[in-house]
Amino acid sequence: MEDLFRVGGREFQSRLLLGTGKFANYAVMKKAIEESGSDIVTVALRRVDPGSQADNILDFIPPQCTLMTNTSGARDADEAIRIARLAKAGGAGNWIKIEVVQDNKYLLPENLETLKAVEVLVKEGFVVLPYMSPDLSMARRMEDAGAAAVMPLGAPIGSNRGIKTRELVEIMVREIKVPVIVDAGIGSPSQACECMEIGCAAVLVNTAVAISENPVQMASAFRDAVMAGRRAYLSGIPEKGGLSGVASSPLTGFLGDEK
Amino acid sequence: MTFYNTLQESEACLRNFDAHEISRGSVIRAVESESCSPERLLTLLSPKASDDLELMARKAHEITLRQFGRVIQLYTPLYLSNFCDNQCSYCGFNARNRVPRKTLTLEEIEREAAYIASTGLKHILILTGGSRPHAPLSYIKSAVRVLKKYFSSISAEIYALSEGEYAELAAEGVDGLTIYQETYHEAVYDRVHKAGPKKDFQFRLEAPERAARGAFRNVNIGALLGLSDWRRESFFLGMHAGYLQDRFPNVEISASVPRIRPHEGDFSGFEQVSDRDLVQMILALRLFLPRLGITLSTRESPRLRENLIPLGVTRMSAGSTTEVGGHTIACHDAEDASQFKIADERNVEEIKAMLVARGYQPVLKDWMRL
């Protein structure tokens, strides 16, 4: 049975989304995207220079990929909305990753402003994927407002620490109907695999690929890890057995053998 | 409460800190720690830590890669005017120096802008001397209106303004402010700023926080290395940057690490800051404040600049001239009217090629006006 990733009214093969920042050059970035098998890539509008012949990042995004512009640099809902509109007007499509950060020390997202931007942009016809701190009630509000997915962070951007927010993300996976995509903090393929094993619909990775010594090979490692994690999740991962044996005095022994 | 109060508290920390008590173990702990305590910064800047620069460099490189990636943002300065009412002993624009003075007309600004834009740069830093009468705020705002047509981000390095004036400039389309305290040593500050409005230490010191309140997106601070003991200056610079990050989390804070360069006029009596010292300073700042932007100007030689990149630098100037109209108007054979002599004269293409060869992506556009 084909296991397609459905988001924003479309179907994709890959459950690995790739960010395009931090690469040493666009040629390597392009190869890494191709090797990752990603169908959706995110680009910061702040870095797009349409006037540049040689250095326009958009020329290096494989044509089969869906472009998801992100609002990196936005400090409130208003700025995020303006960036989204600029992207659409500039021909970058209507898929938008909302990223509102008021904290330059940790780059943690501002959920309330993010929600405001979701509400406005969904009404304007954007496919909106908000990057957020993993908070169930906020995720519910984003879903109610029409977000196509929710993207909780695993750890701060660029920290490579893995899914430190696992308990909260697992609750979101259980309770939220739109795809839950872990975005930020994933530092190695095994961590991406873990996200998939706990039932996340997809993961978004950037730093770990971009700053690796061999970004192209690392992209393929993430591709395989995401597929492995997904297959394991679909197979049903058995609960881990405890280390202790059977208790010598069973807690329900007093019931006897009567049925 | 302003940074002036924090500066006085930090002075006390400095007095109570005994660098002789620092062991290798405490240096290693300071490298690995994520604490923002003044003692950690002092340890990273201590003479003992200078024995472990390689250890510090490896950690600083790793942090910089994770936080900023393999990219360096490029910009170039555009000098609008060199008239100055101050007498700063380290600067070629010193009011007492007999150098040709000029303020660009709007037409000349447009010519310079068109030339710089043709190199592909989208970020510009406009500078004036410290003379309000010759380069009033209204003039700077007119210049910004011209420059907006050519650049996606405009920063300013000008005489200190009030909060309301900074807000005016931000509303006009300037998104960043660069202002150096020059020295955090109040007595030295008073001595090297012999006369002029810049003599007011506290007004200068509090300018970055006025700018942050005035809605700038980026604030870049700095100390001019060589005016006073570099360890002391680096410590207060780090404390100042940390103070600004804590109070204005939605403003990107960065720091420059300029060493005094030869210039027109008196050039003597300054302290030597070696390459090794400069490296320790950059490393200490990076380890202390992982998200701090670090700007490196063309004051440093090509070779040194290239080697400093992986240690924590996030932004560099390229194709620089420190002369008014230096790109298209000034006659370079004429009398020297530059603010200081630059050491890296490579143009934008050459700097881009160098970055690519070093495995870094030159970023020419990293913002746009909304």
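Residues numbered from 1 in each chain as written. Chains lettered and ligands numbered in written order. Predicted model: local features only at pLDDT ≥ 70, side-chain atom pairs only at ≥ 80, totals over all residues. Heavy atoms only, no water.

**Student:** Can you lay out the sheet that holds strand E9 (residues 181-183) of chain A for me, pointing to particular residues and giving the numbers?
**Tutor:** Residues and elements named next belong to chain A. With respect to topology, eight strands assemble into an open sheet ordered E8-E7-E6-E5-E4-E3-E10-E9, the strand pairing being parallel. A single partner strand is all that each edge strand has here, and the edge strands are strand E8 (151-152) and E9. Judged from the five bridges that link them, strand E4 (residues 40-44) and strand E5 (residues 66-70) form a sheet pairing that is parallel. Along E5, the bridge assignment pairs Thr42 with Met68. Its contacts with the sheet put helix H3 (residues 111-123) on strand E6 (95-98) and strand E7 (127-132), and the angle it makes with E7 is roughly 180°. (Pairing = 2+ DSSP bridges. Helix = DSSP H or I, 4+ residues; strand = E, 2+ residues; numbered from the N terminus. Contact = heavy atoms within 4.5 Å. Axes fitted to C-alpha atoms, helices over the stretch in contact; angles between N-to-C directions.)

**Student:** With reference to specific residues and values, describe the interface of chain A and chain B.
**Tutor:** Each partner contributes residues to the interface: chain A has 33 residues there, and chain B has 31 residues. Between chain A and chain B, the buried area comes to about 2800 Å², and carbon and sulfur atoms account for 45% of it. With a closest N to O distance of 2.8 Å, A:Arg47 and B:Asp366 form a salt bridge. Elements with a minimum of two residues in the side of chain A that touches chain B: helix H2 (77-89) and helix H7 (207-210) of chain A. The greatest single-element share of the side of chain A that touches chain B, amounting to four residues, is contributed by H2(A). For the side of chain A that touches chain B, a count of residues per class yields 11 nonpolar, 10 polar and 12 charged. (Buried area = accessible area lost by both parts, 1.4 Å probe. Salt bridge = Lys/Arg side-chain N within 4 Å of Asp/Glu carboxyl O. Nonpolar A, V, L, I, M, F, W, Y, C, P; charged D, E, K, R; others polar.)

**Student:** Now, about the pairing of E7(A): what can you tell me, with residues and values included?
**Tutor:** Residues and elements named next belong to chain A. Summarising burial for E7: six of the six residues are buried, a large majority. Residues Val127, Leu129 and Tyr131 point to one face of E7 and Val128, Pro130 and Met132 to the other, with burial holding for every one of them. Relative to E7, E6 runs parallel, the two being bridged by four bridges. For Lys97, the partnering residue across the bridge sits in E7 and is Leu129. In this sheet, E8 lies alongside E7 in parallel orientation, the contact comprising two bridges. Within E8, the position partnered with Met132 by the bridge is Pro152. Tracing the backbone out of E7, into helix H4 (residues 136-144) and back to the parallel element E8 gives a crossover that is right-handed. (Buried < 20%, exposed > 50% of the residue type's maximum accessible area, 1.4 Å probe, protein only. Right-handed = clockwise from strand over helix to strand, strands pointing away.)

**Student:** Please give an account of the packing of helix H2 (residues 24-32) of chain B against helix H3 (residues 38-45) of chain B that cites residues and values.
**Tutor:** Residue and element names in this part refer to chain B. Look at H2 against H3: their axes get within 9 Å of each other, and the N-to-C directions meet at 120°. In this structure, the crossing between H2 and H3 has a hand that is left-handed. Residue-level contacts link Ser26, Val27, Ala30 and Val31 of H2 to Arg40, Thr43 and Leu44 of H3. For the contact of H2 with H3, a count of residues per class yields four nonpolar, two polar and one charged. (Left-handed = near helix turned anticlockwise from the far one by under 90°.)

**Student:** With reference to specific residues and values, describe the packing of aromatic side chains.
**Tutor:** This model, assessed by the stated rule, comprises 12 aromatic pairs over all chains. Seen from their ring centres, A:Tyr26 and A:Phe60 are 5.3 Å apart, and the 45° between their planes marks the pair as tilted. Of this pair, A:Tyr26 sits in helix H1 (residues 26-36) while A:Phe60 is found in the loop between E4 and E5, placing the two residues 34 residues apart along the sequence. Look at B:Phe3 and B:Tyr184: their rings are 6.3 Å apart centre to centre, the planes differ by 80°, and that puts the pair in the edge-to-face class. In this pair, B:Phe3 sits in helix H1 (residues 3-16) while B:Tyr184 sits in the loop between strand E4 (176-182) and helix H8 (186-192), placing the two residues 181 residues apart along the sequence. When sorted by exposure, B:Phe3 lands in the same class as B:Tyr184, which is buried. An aromatic cluster of at least three residues, connected via ring pairs, comprises B:Phe3, B:Tyr184, B:Phe235, B:Phe236 and B:Tyr243. We note A:Lys88 situated over the ring of A:Phe126; from NZ or CZ to the ring centre the distance is 4.4 Å. (Phe/Tyr/Trp six-rings, centres within 6.5 Å; stacked < 30°, edge-to-face > 60°. Lys NZ or Arg CZ within 6 Å of the ring centre and 35° of its normal.)

**Student:** How would you sum up the pattern of salt bridges? Please name residues and give values.
**Tutor:** Tallied over the entire structure, the rule returns 43 salt bridges over all chains. Where A:Asp78 meets A:Arg82, a salt bridge forms, and the shortest distance between an N and an O atom there is 2.7 Å. Separated by four residues within a single helix, A:Asp78 and A:Arg82 lie in helix H2, roughly one turn from each other. Residues B:Asp52 and B:Arg24 are paired through a salt bridge, measuring 2.7 Å at the closest nitrogen-oxygen approach.

**Student:** Can you lay out the packing of H3(B) against helix H12 (residues 275-288) of chain B for me, pointing to particular residues and giving the numbers?
**Tutor:** For any two helices packed against each other, the geometry comes down to the angle between their axes and how far apart the axes lie. Residue and element names in this part refer to chain B. Direction vectors running N to C along H3 and H12 enclose 150°, while the axes themselves pass 9 Å from each other. With respect to H12, the axis of H3 lies roughly antiparallel. The two elements H3 and H12 meet at a crossing, and its hand is right-handed. Here Arg40, Leu41, Leu44 and Leu45 of H3 come into contact with H12, specifically with Gln280, Met281, Ala284, Leu287 and Phe288. Considering only residue class, the contact of H3 with H12 consists of seven nonpolar, one polar and one charged. (Parallel < 35°, antiparallel > 145°, perpendicular 65-115°, else oblique.)

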